[in-house]
Amino acid sequence: MKLFFAALALLFGLHSSTPPVFAEDLVVSRAVLEDKAGTLTIADAARSTFKPVGPTLSRGFTNSVYWLRLRVRAPAKESEVDLFIRQPFLNEIRLYEADAGPPSNWKTRVTGNHYAFSERDRARSSLGFVVNVTSPEATYYLRLKTRSTLQMSVEALHPDEAEHKSHQFDLLEVFFVTSMLLLLLWAIHSYLLDRLPVVGLFAIHQAVYTLYGIAITGYLAPLLPAGFPQLADLSTAVSYCAVSFTTLLFCRTLFTPYQPPPLLMRGLNLFLLVFPFQLAAMAFGYTTFAVILNAVLIRVSWWYFVVMTFTLRKEHSPSRRLLQLFFVAITIIFTLFWLSSHSSPLGPINNMGRQILIANGLIIGGLFAMILNSRLRSLQQEAQQSALDLLVAQKTLELERTLKEKAEIQARTDYLTGLHNRRHFIEQAEHELARAVRYHRPLSLLMIDIDHFKSINDTWGHSTGDAVLRKVSLLIRNTLRKVDIMGRMGGEEFAAVLVEIDVEQAMQVAQRLCTTVAETSFARWISWVVWVEKSSPQFWLKSTWSKPCRWRKVSARRSRKPA
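Remember, it's a predicted structure, so these values are computed and weren't measured experimentally. (Residues numbered from 1 in each chain as written. Predicted model: local features only at pLDDT ≥ 70, side-chain atom pairs only at ≥ 80, totals over all residues. Heavy atoms only, no water.)

Draft legend 1. Geometry of the overall build of the chain. Along the backbone of the chain there are 15 helices and 13 strands. Here the chain holds 563 residues, and the buried ones make up 46% of them. By sequence separation, contacts in the chain at least 24 residues apart represent 74% of the contacts at least 6 residues apart. (Helix = DSSP H or I, 4+ residues; strand = E, 2+ residues; numbered from the N terminus. Buried < 20%, exposed > 50% of the residue type's maximum accessible area, 1.4 Å probe, protein only. Contact = heavy atoms within 4.5 Å.)

Draft legend 2. Local environment of the nonpolar core. If you look at the biggest cluster of nonpolar residues, it comprises 98 residues, and the most contacted ones within it are V72, W302 and F327. Setting aside chain neighbours within four positions, we find V72 in contact with L26, V27, V28, V81, L83, V133, P136, E137, A138, Y140 and A156. Within the second largest apolar cluster, 21 residues are counted, among which are L446, F453, L469 and M486. (Core = buried A, V, L, I, M, F, W, Y, C linked by side-chain atoms within 4.5 Å.)

Draft legend 3. Layout of the sheet that holds strand 12 (residues 485-490). Reading across from one edge, 11-13-12 is the order of the 3 strands in this open sheet, with antiparallel pairing throughout. With one partner strand each, in any of the chains shown, strand 11 (443-449) and strand 12 form the two edges of the open sheet. For this sheet the average axis-to-axis angle between neighbouring strands, irrespective of direction, equals 20°. Alignment of strand 11 against strand 13 (residues 493-499), held across 7 bridges, turns out to be antiparallel. The residue of strand 13 that forms the bridge with L443 is V499. In the packing of helix 11 (residues 422-439) onto the sheet, contacts are made with strand 11, strand 12 and strand 13, and the angle to strand 12 comes to roughly 135°. The strands that helix 13 (residues 462-479) touches are strand 11, strand 12 and strand 13; relative to strand 13, the one it contacts most, it runs at about 10°. (Pairing = 2+ DSSP bridges. Axes fitted to C-alpha atoms, helices over the stretch in contact; angles between N-to-C directions.)

Draft legend 4. How the structure looks around the packing of helix 7 (residues 274-283) against helix 8 (residues 287-309). The interhelical angle for the contact between helix 7 and helix 8, taken along N-to-C directions, is 160°, at an axis separation of 7 Å. With respect to each other, helix 7 and helix 8 are oriented roughly antiparallel. The crossing of helix 7 and helix 8 is left-handed. Touching V274, F277, Q278, A281 and M282 of helix 7 are T287, F289, A290, L293, N294 and L297, all from helix 8. (Parallel < 35°, antiparallel > 145°, perpendicular 65-115°, else oblique. Left-handed = near helix turned anticlockwise from the far one by under 90°.)

Draft legend 5. Molecular detail of the environment of I93. Among the secondary structure elements, I93 is positioned in strand 6 (residues 92-98). Distance in space between the C-alpha atoms of I93 and R109 is 8.5 Å, their sequence separation being 16 residues.

Draft legend 6. Here's a closer look at the pairing of strand 9 (residues 137-145). Summarising the sheet, strand 4 (residues 65-73) and strand 9 pair through 8 bridges and their orientation is antiparallel. Paired with R71 across the strands is T139, a residue of strand 9. Sheet analysis places strand 6 next to strand 9, joined by 6 bridges and oriented antiparallel. Across the sheet, I93 pairs through a bridge with L144, a residue of strand 9.

Draft legend 7. Molecular detail of the packing of helix 6 (residues 262-272) against helix 8. Interaxial distance between helix 6 and helix 8 falls to 11 Å at its minimum, and their mutual angle equals 160°. As the angle between them shows, helix 6 and helix 8 are arranged roughly antiparallel. Crossing geometry of helix 6 relative to helix 8 is assigned as left-handed. When helix 6 is examined against helix 8, the residues L263, L264, M265, G267, L268 and F271 are found in contact with a partner set consisting of L297, V300, S301, Y304, F305 and M308. Classifying every residue of the contact of helix 6 with helix 8 by side-chain character gives 10 nonpolar, 2 polar and no charged. (Nonpolar A, V, L, I, M, F, W, Y, C, P; charged D, E, K, R; others polar.)

Draft legend 8. Region of interest: a nonpolar patch on the surface. Nonpolar side chains collect at one region of the surface, where F277, F284, Y286 and F289 lie side by side and expose about 520 Å² of accessible area between them. Among the structural elements, Y286 can be located in the loop between helix 7 and helix 8. Residue classification places Y286 among the exposed positions, given a relative accessible area of 55%. (Patch = residues over 30% accessible without salt bridge, like charges linked within 9 Å, V, L, I, M, F, W, Y side chains within 5 Å. Areas by Shrake-Rupley, 256 points an atom, 1.4 Å probe, with all protein chains shown as cover. Salt bridge = Lys/Arg side-chain N within 4 Å of Asp/Glu carboxyl O.)

Draft legend 9. Structural detail: the environment of L249. By the secondary structure assignment, L249 is in helix 5 (residues 231-255). When its relative accessible area of 19% is taken as the criterion, L249 is described as buried. Here the alpha-carbon distance between L249 and L272, two residues 23 residues apart in the chain, equals 7.5 Å. Among residues more than four places away in sequence, those in contact with L249 are L201 and L272.

Draft legend 10. Here's a closer look at the pattern of salt bridges. Summed over the entire model, instances satisfying the criterion amount to 19 salt bridges. When salt bridges that share partners are traced, they join E432, R435, R441 and E500 into one network.

Draft legend 11. How the structure looks around the side chain of T464. Its location among the elements puts T464 in helix 13. Of the polar contacts made by the side chain of T464, one reaches the backbone oxygen of W460; its length is 3.1 Å. (Polar contact = N/O pair within 3.5 Å; in protein donor to acceptor, adjacent residues only side chain to side chain.)

Draft legend 12. Fine view of the side chain of R86. You can see R86 is positioned in strand 5 (residues 80-86). R86 sits in the buried class, given a relative accessible area of 11%. Of note is the side chain of R86, whose polar atom sits 3.3 Å from the side chain of E155.

Draft legend 13. Up close: the sheet that holds strand 1 (residues 27-35). Spatially, 6 strands are ordered 2-1-4-9-6-7 in an open sheet, and the strand pairing comes out antiparallel. One side of each edge strand has no neighbouring strand; the edge strands of this open sheet are strand 2 (51-52) and strand 7 (106-111).

Draft legend 14. Geometry of the packing of aromatic side chains. Inspection of every chain in the model, using the stated rule, returns 18 aromatic pairs. A centroid spacing of 6.1 Å and a plane angle of 50° characterise the contact between F84 and F169, whose relative ring orientation is tilted. Of the two residues, F84 sits in strand 5 while F169 sits in helix 3 (residues 159-194), which places them 85 residues apart along the sequence. For F169, a relative accessible area of 1% puts it in the buried group. Aromatic ring contacts, followed pair by pair, group F255, W302, F305, F326 and F327 into a single cluster. (Phe/Tyr/Trp six-rings, centres within 6.5 Å; stacked < 30°, edge-to-face > 60°.)

Draft legend 15. Region of the structure containing helix 14 (residues 503-519). Over its 17 residues, helix 14 extends 24 Å from the first C-alpha to the last, a length consistent with the 24 Å expected when each residue adds 1.5 Å. The complete set of buried residues in helix 14 reads A506, V509 and L513. For helix 14, the arc enclosing every buried residue in end-on projection is 60°, short of the 170-degree limit, so these residues lie on one face. Those residues of helix 14 that are exposed and aimed more than 90 degrees away from the buried face are E504, M507, Q508, Q511, C514, A518 and E519. Buried residues along helix 14 sit in contact with strand 11, helix 13 and strand 13. The residue sitting at the N-terminus of helix 14 and contributing the capping side-chain oxygen is D502; that oxygen lies 2.9 Å from the backbone nitrogen of Q505. (Expected span 1.5 Å × (residues − 1). Arc of directions from axis to C-beta.)

Draft legend 16. The environment of L433, seen in detail. Mapped onto the elements, L433 comes out in helix 11. Measuring from C-alpha to C-alpha, the distance between L433 and L443 comes to 7.1 Å, with 10 residues separating the pair along the chain.

Printed below as a string of structure tokens:
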């Protein structure tokens, strides 16, 4: 959104820096003649009585043919004059100018959006003709026939002035298209990130409104194939109807989370059915009827939106109050625009009309984008909070799982030696015994007891005895295999189940274990434990690390060697 507003400000500055066009209109007088039957020829029109008319001929939708008589004076320099005609959506405008020969002869040329762009006198989006005024004044006739709204203004300008005005229209169009495309790119980017249907519908609405703005201002005509020039007129009508259809779709999706009354939602669904009906009407040649119907639909639907905003029953992001302010403001702006251009549902497409078109597109697009941005920010905050809650839940679950696993291990393990406790050892031994019986495999059981262990506790204390038990359990674990089952049965008694080991092999294992324990010097190791556990001034430790330790006690107790 920041990028959009920055680009908008830059484009507005570039447009504002362009000096306004104050072109000198060379038209001396304008007069109009209505041909209801459409049968008058140029000779008949030249003999008929015309009525004076202002700079703009506006009759709305009509089946009549109108003749416009122009008296044009010659420019101060050269003789070439551009008859600068607006609007670009007019179907057929035929120019009649007197031939240099007999007075009854007339030269004729034609332009309009029903004719190929390459055949126009002026290769511009605006319609017009290039004439040469050699005498002080010259008279020209324009015959206008269109199915669209009849709204035409004609100026006679010097070619440089006409080019300058066309350039100003081009800048307005660039400003409009760039601004709308920025909003469109933002909507597409947001939709790809969050996949919200309302954002996708907003992107479609922006694309349709941009196409409508390009078509109605005449900039789509150069892009159409030369063999189908009437596509310009059809694309303008279709895009005009599609704008209201996409607006209805967007607003219906926007209002749904607020829980509007079901009756009003059904009314929106009925409005949506108008678009297929309009397409069918245009397919059968009733384009004028479809455009008029769409103009009425737009006026009714926006006031319908205002009513809906005041009937929403649930609070959501953005707030209901913000929606009410937005739709009331935009509806009032549109109403003022419609009142200023009451003669044409499409609105005037002169310089002011183009600015109104741009303002409408930017106002509705910008405000819709602000609403969606508010909703997206709210959803992002909810998503971040949900992610944080999920992370906390995962950490708690992992901690609980770790504690559970630790408790299970402690329930199976002897706390002192780390071997299986008595209960778990018996369970594992029974399981291996059942397997050995089932598959007729050998199995051996070793019962291990430490001799004279009581004397160690009496001499060195129970802490030293615990250290001896840990050392012996470590020797047992290192001597036996990993597949064997080892456990402490209680006190200084241990047991081991030798898997897949017969009696003779078990005797060898037992002998190896006894030899390992017998050859292990416990003196140095026990002296260190005793020094840590009983480091009081009454005891002195003398240890030689290269030899077995010997003890000397400075007290009444006799010196003893560790067993």
